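What the coordinates show
Here's the letter readout for the chains.
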Amino acid sequence: MVTILMDQEIRNLIALETKRQNNGIELIASENYASQEVRMACGSILTNKYAEGYPNARYYGGCEYVDQIEKIAIERVCKLFNVKYANVQPHSGSQANAAAYRALLPNGGKILSLVLNDGGHLTHGSPVSFSSHLYQFVHYPLGRDGKLDYNKILEIAKLEKPDLILAGYSAYPYAIDFKKFKEICNEVSCLFMVDMAHIAGLIAAKLHENPCDYADIVTSTTHKTLRGPRGGIILTNNENIIKKVNSAIFPYYQGGPLEHIIAGKAICFKEASTKQFQTYANNVIINTKTCKDELESLKIKVSGTDNHLFLLNTLDSYNLTGLEAQKKLENVGITTNKNMLPNDTLTPKETSGLRIGFAAITTRGCNQNDAKIIAKLIDGVLSNKLAENYVKNEVSNLTKKWLKIEEI
Ligand code: DSN
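The structure displayed is predicted, hence computed values, not measured ones.

All right, on to the side chain of Thr 221 then. With respect to the helices and strands, the residue Thr 221 is situated in strand S9 (residues 217-221). At a separation of 3.0 Å, a polar atom in the side chain of Thr 221 contacts the side chain of Lys 224. Contacts of Thr 221, omitting those with residues within four sequence positions, involve Gly 93, Ala 197, Ala 200, Leu 226, Gly 231 and Gly 232.

The tally for this structure, following the rule as stated, stands at 0 disulfides. For Cys 63, which is in no disulfide, the shortest distance to another cysteine sulfur is to Cys 42 and amounts to 19 Å. Looking at Cys 190, it has no disulfide partner, and the nearest cysteine sulfur is the one in Cys 185, 3.9 Å off.

Of the residues making up helix H7 (residues 178-187), those classed as buried are Phe 178, Phe 181, Ile 184 and Cys 185. Buried residues of H7 fall within an arc of 115° about the axis and therefore sit on the same side. Residues of H7 that are buried make contact with strand S6 (136-140), helix H6 (150-160), strand S7 (164-167) and strand S8 (191-195). Sitting at the head of H7, Asp 177 places a side-chain oxygen 3.3 Å from the backbone nitrogen of Lys 179.

Tracing the backbone shows Thr 362 in helix H14 (residues 359-363). A relative accessible area of 8% means that Thr 362 is categorised as buried. Polar side-chain contacts of Thr 362 include one of 2.6 Å to the backbone oxygen of Phe 358.

Let's shift gears to the pattern of salt bridges. A full pass over the atoms with the stated rule returns 16 salt bridges. Put simply, Lys 110 and Glu 160 hold a salt bridge, and the shortest N to O gap is 2.8 Å. Separated by 50 residues along the polypeptide, Lys 110 in strand S5 (residues 110-114) and Glu 160 in helix H6 bring together distant segments of the chain. Since its relative accessible area comes to 15%, Lys 110 is described here as buried. Classification of Glu 160 by relative accessible area gives partly exposed; the value is 25%. Among the ionic pairs, Lys 158 bridges to Glu 187, the shortest N-O distance being 3.5 Å. In this pair, Lys 158 sits in helix H6 while Glu 187 sits in helix H7, placing the two residues 29 residues apart along the sequence. Overlapping salt bridges, with partners in common, bring together Arg 58, Asp 67, Glu 70 and Glu 259 in one network.

Turning to the site of the ligand, a few remarks are in order. As a structural note, the neighbourhood of the ligand is formed by Ser 30, His 121, Ser 170, His 198, Lys 224 and Arg 355. In the environment of the ligand, an oxygen atom lies 2.7 Å from a nitrogen or oxygen atom belonging to the side chain of His 198. Measuring from an oxygen atom of the ligand, one finds a side-chain N or O atom of Arg 355 at 2.8 Å. Calculation on the ligand without its partners gives an accessible area of 240 Å², and the protein chains cover 63% of this total. Grouping the constituent residues of the shell around the ligand by class yields no nonpolar, 4 polar and 2 charged.

Let us look at the sheet that holds strand S14 (residues 353-357). Read from one edge to the other, the open sheet built from 3 strands follows the order S11-S14-S13, with strand pairing classed as antiparallel. Each edge of the sheet is formed by a strand with only one pairing partner; in this case those strands are strand S11 (309-313) and strand S13 (337-339). Taking the axes of each pair of neighbouring strands and ignoring which way they run, one obtains an average angle of 40° across the sheet. The pairing of S13 with S14 spans 3 bridges and is classified as antiparallel.

Cut-offs used in this document
Residues numbered from 1 in each chain as written. Predicted model: local features only at pLDDT ≥ 70, side-chain atom pairs only at ≥ 80, totals over all residues. Heavy atoms only, no water. Helix = DSSP H or I, 4+ residues; strand = E, 2+ residues; numbered from the N terminus. Polar contact = N/O pair within 3.5 Å; in protein donor to acceptor, adjacent residues only side chain to side chain. Contact = heavy atoms within 4.5 Å. Disulfide = S-S within 2.5 Å. Buried < 20%, exposed > 50% of the residue type's maximum accessible area, 1.4 Å probe, protein only. Arc of directions from axis to C-beta. Salt bridge = Lys/Arg side-chain N within 4 Å of Asp/Glu carboxyl O. Near = heavy atom within 4 Å. Areas by Shrake-Rupley, 256 points an atom, 1.4 Å probe, with all protein chains shown as cover. Nonpolar A, V, L, I, M, F, W, Y, C, P; charged D, E, K, R; others polar. Pairing = 2+ DSSP bridges. Axes fitted to C-alpha atoms, helices over the stretch in contact; angles between N-to-C directions.

What follows is the structure, given as structure tokens:
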């Protein structure tokens, strides 16, 4: 007889987090709600299994079922993104990026990536990340309009002669022209890598150009717009590169793969290949634009948007730092994150703005009308035009009519 010990302390905290997720308006652009089926796989007995290595080439016995699960995950993700090879083992997007750099470059290799404050990711060369310690990073800025300036990127690439150009960002609200990037890479004879973590779901739904058609390596997380479990993937069409990627993930950077998470990824890839997911991704774009347009009509300084997010300049609009604005919204149940704006004059701890995204609440059923209400609530809170209790009540009315997030 097995005794099941209930850890009440942790259970209580999970219950409270479930309540927070249900009662709040989640506008963090990198978050989403994975389906119950994905979460059940992630909480399954697959966590018990060691499977170092790859399907049919493991260092442990008893891998016949996890082999099948991992093969299915690989097949599904390759089909979803129309690519030949995949590694589904990265524990995170950062691990995926580390392995991708290792597969493509020697230590000290030169990478040209976006200025980090303009929307890049820590692993794209931040001084506090491994990336800048192992590789030499140079950067391209956004243009004055906050958009990629492909002529400028070419000019810098010709000057710097990088080994690799990196595209794909954490806070870029516009479509990315991967074909143009590839042409620049061809012109300066360098490799091309894309980190599509933020827009993977839009790409899966064919609402954004697919970087797999152009890049030597594409990395991603699986938990943002793709709506899967927390984790990473690496994709390529090159057989030689996937061999290097595989050894960079195991044994170089990681040990045993998380087969429970890989099962969750497999389910997510199936979900993302459906018509319903396409409708969902389309609604994400519509809701984001609706909220942005509404704020703009109220004369608030916001970026444009082609995808699941936009940036709100809180300093110019409300004389609030991003941090102050984030706290004011959090106080009424609207969760966002402070974010650097292109050419920001404040520090990353303060910032001049917020990043706002609709991937998560669109999963719960947020519609265009709700997106308009949310714009008015954001403006009302940040300008002090609306009373706190009124906003809390409106937040409650919206979240009560949306899909409920189950605890398990
Ligand atoms: N931390 C993620 C984001 O919020 O965009 C990037 O990995």
